[in-house]
Amino acid sequence: MVHVTEYADCGELMWATRLADSEGEYECWELLSPKAVHRVSVSDKCMATIAPSGQLVLAMLGMEQQSVTLRSCRGLEGITGDEGRQLWEFHLGLALNESHGQMIQALWRFYAMLPPGGLRRFSLGILRDRRFITGFYRGRASHHHHHDHVGGLLEHSVEVAMTARMLCRQYRLDGRTADVAFLGGLLHDVGKLYLYYNVEAGEGICSQHEALNFMKLEPHLQSLMSQDPRAFEALSACLSASIGKPLIQYMPETIVKMADRLSAEVFNWRRVFAGLPDFYWFRKSTSDTRIYKRLD
């Protein structure tokens, strides 16, 4: 189970639409979240940058005299109108459970907080690629190793991305490095969608997934390479991190490797002890024959 805490303080994702009964200096807006619908009256200046026809926003709500108030609102660039709403609902509709829904929203929050530039356009291209997203949200991260269930690829990828970003924060690395580390962690295994255990029709293949990462992301990487060559180079290092032993030049590569291993190890450790009474403090795994131990 993944606990998504990063970006929790930046607001809740909601679909904002201006209602027809707006009057004078104040406007009435409907804010729709996966769990509730709110109607708020706000100054027209507060929502000046939000598309009246509808836009995905990060909003922070409050209570004042038993009425819901809007404290802040940030619109997500490019996610507007009917097309934007359909895309947002498409993503939410792929969630397998509440935990997956939280992970999907974490990806959108990450996009919302990105500064303008190549990485933001690259991320939006990924989010708009419905065929890619469908496979990514439903894929398995392995056959018989870790996160080997439907939806496991998303679970593992978000864990790695979040951990990589938190490590960047811990070591006070710059925001751009943290952004690339997040994307590198998120996408480091997407080539696995070509492998036999993720292919429903046909046999699929059995190969190094790192080489296949670039095939899966090719149209998006082409754009990033032309718009932001250094970000492309650093992200490429994360995507090919296990091929050979090249000289480490960008920190995201090192950080993603660490986060990747940690996610796999914790998953296997939890699976070994799943359902066992507390007095079992060690156990041999039937999948990799390793002996795992726990303190409590």
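**Points about the state of the cysteines**
Step number 1: Following the criterion strictly, the structure yields zero disulfides and no others.
Step number 2: Free cysteine: Cys28, not disulfide-bonded; nearest cysteine sulfur from Cys46 at 13 Å.
Step number 3: Overall, the relative accessible area of 16% leaves Cys28 in the buried class.
Step number 4: Here Cys168 is not cross-linked by a disulfide; its sulfur's nearest cysteine counterpart is in Cys238, at 9.2 Å.

**Concerning the nonpolar core**
Step number 1: Counting residues in each nonpolar core, the largest one holds 50 residues, and the members touching the most others are Leu76, Ile79, Trp108 and Phe132.
Step number 2: The element that contributes the greatest number of residues to this core is helix 2 (residues 98-113), accounting for eight residues.
Step number 3: Beyond its immediate sequence surroundings of up to four residues, Phe132 is in contact with Ile126, Leu187, Val190, Leu193, Lys216 and Leu217.
Step number 4: Grouped together as the second largest cluster of nonpolar side chains are 11 residues, Ala16, Val40, Ile50 and Leu70 included.

**Focus: the packing of helix 6 (residues 175-187) against helix 9 (residues 251-273)**
Step number 1: Packing of helix 6 against helix 9 leaves a shortest axis separation of 9 Å and a crossing angle of 45 degrees. Here helix 6 lies oblique to helix 9, going by the angle between them. In the packing of helix 6 onto helix 9, the handedness of the crossing is right-handed. Two secondary-structure elements touch here, helix 6 through Thr177, Val180, Ala181, Gly184 and Gly185 and helix 9 through Met251, Pro252 and Val256.

**A closer look at the packing of helix 3 (residues 118-128) against helix 7 (residues 209-227)**
In a packed pair of helices, the relevant descriptors are the angle between the two axes and the axis-to-axis distance.
Step number 1: Between helix 3 and helix 7, the least distance of the axes is 9 Å, while the angle of their chain directions is 165 degrees. By the angle between their axes, helix 3 is roughly antiparallel relative to helix 7. Once helix 3 is placed against helix 7, the crossing between them reads as right-handed. On helix 7, the residues that touch Gly118, Leu119, Arg121, Phe122, Gly125 and Ile126 of helix 3 are Leu217, His220, Leu221, Leu224 and Gln227.
Step number 2: Split by residue class, the contact of helix 3 with helix 7 holds six nonpolar, four polar and one charged.

**Thoughts on the packing of aromatic side chains**
Step number 1: Scanning the entire structure with this criterion turns up nine aromatic pairs.
Step number 2: One aromatic cluster is present, built from ring pairs that chain together Trp88, Trp108 and Tyr111.
Step number 3: Geometry around Phe90 places Arg130 over its ring, the cationic atom sitting 4.8 Å from the centre.
Step number 4: Its end group placed over the ring of Tyr194, Lys216 keeps NZ or CZ at 4.7 Å from the ring centre.

**So, unusual backbone geometry**
Step number 1: Here His147, not a glycine, exhibits a phi torsion of approximately 45 degrees, which is positive.
Step number 2: Mapping His147 onto the fold places it in the loop between helix 4 (130-138) and helix 5 (152-170).
Step number 3: The exposure class of His147 is buried, given its relative accessible area of 0%.
Step number 4: If you check the backbone angles, Arg172 has positive phi at about 55 degrees while not being a glycine.
Step number 5: If you trace the backbone, Arg172 turns up in the loop between helix 5 and helix 6.
Step number 6: Overall, Arg172 belongs to the exposed group, its relative accessible area being 78%.

Rules behind the numbers
- Residues numbered from 1 in each chain as written.
- Predicted model: local features only at pLDDT ≥ 70, side-chain atom pairs only at ≥ 80, totals over all residues.
- Heavy atoms only, no water.
- Disulfide = S-S within 2.5 Å.
- Buried < 20%, exposed > 50% of the residue type's maximum accessible area, 1.4 Å probe, protein only.
- Core = buried A, V, L, I, M, F, W, Y, C linked by side-chain atoms within 4.5 Å.
- Helix = DSSP H or I, 4+ residues; strand = E, 2+ residues; numbered from the N terminus.
- Contact = heavy atoms within 4.5 Å.
- Axes fitted to C-alpha atoms, helices over the stretch in contact; angles between N-to-C directions.
- Parallel < 35°, antiparallel > 145°, perpendicular 65-115°, else oblique.
- Left-handed = near helix turned anticlockwise from the far one by under 90°.
- Nonpolar A, V, L, I, M, F, W, Y, C, P; charged D, E, K, R; others polar.
- Phe/Tyr/Trp six-rings, centres within 6.5 Å; stacked < 30°, edge-to-face > 60°.
- Lys NZ or Arg CZ within 6 Å of the ring centre and 35° of its normal.

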